[in-house]
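# Structure assessment
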Amino acid sequence: MNEEQTGGHTASAETLTNNHAGAVSGTALGSDIQAKIGQHLRAMYDDVVRQGVPDRFMDLLSRLDDADDGSSGTGGGRR
C-alpha cells in the first residue's frame, strides 16, 4: 500500500499487533484491526480489478488457444 491508499499513514503488521497487544488475547487480531485490514485489501483488489487485462495479454491468450486447437489432434503439441 502506498501513503495515498493509507491516508498518509504507514503501518506494519507488527505495529498494528503491538499497538493492540493489551486489548487482544492470544494471537487473534481484534475486530477493529481485522476490519482495517479488510478495507485495505478491498481497496487494493478493487484497483487491480479496475485495471483489467491488457490487450497484449488477451492477444497472447487467444493465440495460445488457437495453437491448442490446432495441435490437439496431432499429439505432437508442445507444452
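Right above here is the structure, for reference.
Here goes a summary of the coordinates provided.

### A word on the overall build of the chain
For the chain, the count of helices and strands is 3 helices and 0 strands. Starting at the N terminus, the α and β elements of the chain follow one another as α-α-α. The 79 residues of the chain split such that 8% are buried. Total accessible area on the chain is roughly 6,900 Å²; 51% of this is exposed by carbon and sulfur atoms.

### Topic: the pattern of salt bridges
Summed over the entire model, instances satisfying the criterion amount to 1 salt bridge. For the salt bridge of aspartate 47 with arginine 50, the shortest nitrogen-to-oxygen distance reads 3.9 Å. Linking aspartate 47 with arginine 50, this pair stays in helix α2 (residues 31–51), spanning 3 residues, or about one helical turn. In this structure aspartate 47 comes out as partly exposed when scored by relative accessible area, which is 31%. Residue class for arginine 50 comes out exposed when judged on its relative accessible area of 63%.

### Notes on a negative patch on the surface
There is a patch of like negative charges on the surface, built from Asp65, Asp66, Asp68 and Asp69. The topology assignment puts aspartate 66 in helix α3 (residues 55–71). Note on aspartate 66: relative accessible area 51%, which makes it exposed.

Parameters at a glance
- Residues numbered from 1 in each chain as written.
- Predicted model: local features only at pLDDT ≥ 70, side-chain atom pairs only at ≥ 80, totals over all residues.
- Heavy atoms only, no water.
- Helix = DSSP H or I, 4+ residues; strand = E, 2+ residues; numbered from the N terminus.
- Buried < 20%, exposed > 50% of the residue type's maximum accessible area, 1.4 Å probe, protein only.
- Areas by Shrake-Rupley, 256 points an atom, 1.4 Å probe, with all protein chains shown as cover.
- Salt bridge = Lys/Arg side-chain N within 4 Å of Asp/Glu carboxyl O.
- Patch = residues over 30% accessible without salt bridge, like charges linked within 9 Å, V, L, I, M, F, W, Y side chains within 5 Å.
- Lys, Arg positive; Asp, Glu negative; His and termini not counted.
- Charge placed at Lys NZ, Arg CZ, Asp CG, Glu CD.

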